[in-house]
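# Structural characterization, general
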Amino acid sequence: MKDGFISVACGTPKLRLADCHYNAEQTFSMMRAAEKAGVKVLVLPELGLTGYTCGDLFYQTALIRGAEEALATVLEATRPLEVVTAVGLPVEKDNKLYNCAAIIQRGKILGVVPKTNLPNYGEFYEKRQFAPAPEGNSTVTLCGQRAPFGKLVFSCAEMKDLVLGFEICEDMWAPVSPAADLAAAGATILGNLSASNDIIGKDAYRRQLVTMQSAKLLCGYVYASSGEGESTSDVVFGSHQMIAENGTMLTESRFEGGLHASEIDVAKLAYERRRTQMFGRKPGDVEEVPFSLSVTATKLTRYIAPMPFVPEGKEDRDERCREILFIASLGLKQRLEHTGAKTAVVGLSGGLDSTLAVLITGLAMKMLDRPASEIIAVTMPCFGTTDRTRNNAVILAEQMGATLRTVDIANTVRSHFRDIGHDMEDHSVTFENGQARERTQVLMDIANATGGIVIGTGDLSELALGWCTYNGDHMSMYGVNASIPKTLVRHLVGYLARDNAKKDEALRDVLEDILDTPVSPELLPAVQGQIAQKTEDLVGPYELHDFFLYYILRWGFSPSKVYRLALKAHGDKYSRQVILKWLKTCYRRFFTQQFKRSCLPDGPKVGSVALSPRGDWRMPSDAKWALWQAELETLE
């Protein structure tokens, strides 16, 4: 339960039709297994104590009584267990029979939820035996206990963000599902007790419904469908089990049965609801039922992607690259058109960021049906420039057909240092930033002289950490990389290198060499012709910083939670001490460098994390980080 994670499971026990005693044994055996595995919430299939396909046997008093006795057996057998479990059975009330979910814990019935939307088509005719959920809430006596009956949510006293709601099979398929009201009433985890048969293509449709339900309602969704043991007279049930969170499938199983568990982050879901403010008004017909759980640590078994900005599958990654390149180049196209710019001026260093910026500029020029020669690629060698990066910049510009200009700024910078009395042997921040600002002045002046605009090259990671020179590379007239994290910059350049593999081998080769070049601002004098200054040695690995930034900015996680997830995702590569060191650096730089982000130029937003001060991130430049720092110190 720590950090908002709660262990949940869906299960499909073995089943014998109408053998309620056997089904009760299988049910409490699965509940015991779930408890042993640390599961706190368990969802079982629809009408699991009788079987779903009993048909007109549901008219039989013996079966109805047997189902209640089976539930009583389960309650008695699981009295020591605190796992909250949804069990399916028929319930008689007011001379009607309802298809219900009994929500049980520690031998008690917390509440009974009847199914609202009954199928009456194809091979399913539930309306023949069952009545739909009645209007309003009431109570029902079951197994000698009086329990709430109707539209219910179950709230955990020890974990305010853990609120449970349940619907049954077709309720999810209905145009207006009960889950919408349950989520509006606070439910962050929704369970679905189902008996959905398997035909060609239906599993994909169910999967879409479950992931969409979890995305639309900003919730966790636990789906358990019946399987082996149900009648196969005309249909087959494949025990489809799914656990989804906010549109992402965490775990899925089919044709296996048994117990399948994962962890849902209810704190993350609650954050997203606060951020979007989509659930402001609680419906009046939903009753809240409290329950209690002992507070324990939740072991993380769910996968944590080490690079959350970068899709892991090649097809997904290539599609992400195509979309980002289209969005960024379309934004630049609009800016070039609107300003009437005759040229686009890009400072080309031979590094990754400026390479991506000039490639995006080339795509924008193609959209405008303008020649690449209207891109002015400017190389500005100085004290730290190496032959490798200079040559790569020249080859890249030539292969693209851009207009190449070389402006050696070394003498100008020396003159400036003499003017301000700076010693050339003093390689402090003044030495570095003097070069960066001179380069920006050159670009701005060339843009003025050619009727163009300067295209910024700084990426999201650099802007978040303040790894840019104020009024130097920090400034431009349109920053095409502004919302692209460093880990994704590399993949975008790699994608374009592969895209040009057959069309232009020379362009591919130079892009691949740029990808192999260490990330560096090249502001300190080279050592024997080699780069003397490697960014990741100074500021930390970008794969860690991008991981931190994703969870800090996108989800508002606390330092301890970010650290925990980083250990899970990167613990095999980096030690605890190294991860904590760079996490502290990330927070310190993020808070102290906000003043640079408060006056960022325009740039296209391509993802859910962006730092534009005009809409995506609004933060005072003087905000203190004492609260975050204090928590970081406790992680030592």
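Everything below is about the structure shown above.
Below: a short report on this structure. Note that the structure is a prediction, hence the values are computed from the model and not measured.

Next up on the list: the overall build of the chain. A count of helical and extended segments in the chain gives 20 helices and 22 strands. Over its C-alpha atoms, taken along the principal directions, the chain stretches across nearly 100 × 50 × 40 Å. Looking at the chain as a whole, 57% of its 636 residues qualify as buried. Intrachain contacts of the chain at a sequence separation of at least 6 include 74% that bridge at least 24 residues. Accessible surface, the chain: about 26,900 Å² in total, of which carbon and sulfur atoms supply 50%. The centroid of the 70 positive side-chain charges in the chain is displaced by 2 Å from the centroid of its 77 negative side-chain charges.

What follows concerns helix α9 (residues 387-400). Between its first and last C-alpha atoms α9 spans 20 Å; for 14 residues at 1.5 Å apiece the expected length is 20 Å, and the two agree. All buried positions along α9 are accounted for by Thr 389, Asn 392, Ala 393, Leu 396, Ala 397 and Met 400. Down the axis of α9, the smallest arc covering the buried residues is 125°, so these residues share one side. What points out from α9, more than 90 degrees from its buried face, is the exposed set Asp 387 and Glu 398. For α9, the secondary structure elements touched by its buried residues are α8 (352-367), β19 (375-379), β20 (403-406) and α14 (505-516). At the exit of α9 stands Gly 401, carrying a positive phi of roughly 85°.

With respect to topology, seven strands assemble into an open sheet ordered β15-β14-β13-β12-β11-β10-β17, the strand pairing being mixed. If you trace the sheet from one side to the other, it starts and ends with β15 (248-253) and β17 (287-291), each paired once. Strand-to-strand twist in this sheet, taken as the mean axis angle between neighbours without regard to direction, amounts to 20°. Note: strand β11 (residues 163-168) against strand β12 (residues 189-194), five bridges, orientation parallel. By the bridge assignment, Gly 165 is partnered in β12 with Leu 190. Packed on one face of the sheet, helix α5 (residues 202-216) meets β11, β13 (220-225), β14 (241-245) and β15 and runs near 30° to β14.

Analysis parameters
- Residue positions are counted from 1 within each chain, in the order its sequence is given.
- pLDDT decides what is reported in this predicted model: residues at 70 or higher carry local features, side-chain atom pairs at 80 or more are listed and counted, and totals for whole chains, interfaces and linings draw on all residues regardless.
- Hydrogens are left out, water is left out, and the side-chain values use all remaining heavy atoms of the structure.
- Labels follow the DSSP assignment, with helices taken as runs of H or I lasting at least four residues and strands as runs of E lasting at least two, numbered in each case from the N terminus.
- Here's how the labels work: a residue is buried when its accessible area is under 20% of the maximum for its type, exposed when over 50%, partly exposed in between, all with a 1.4 Å probe on protein chains only.
- Between two residues, a contact is recorded if the distance between any of their heavy atoms is within 4.5 Å.
- In these tables, accessible area is a Shrake-Rupley quantity obtained with a 1.4 Å probe, and a residue counts as shielded only by the protein chains included in the view.
- The charge count treats Lys and Arg as positive and Asp and Glu as negative. His and the chain ends do not count.
- By convention, the charge on Lys lies at NZ, on Arg at CZ, on Asp at CG and on Glu at CD.
- The span one expects for a helix is its residue count, reduced by one, times 1.5 Å.
- Working note: the arc is built from the helix axis to C-beta atom directions.
- Only when DSSP finds a minimum of two bridges between them are two strands counted as paired.
- Under this scheme, a helix contributes an axis fitted over its contacting stretch, all axes are lines through C-alpha atoms, and angles between N-to-C directions fall in the 0 to 180 degree range.

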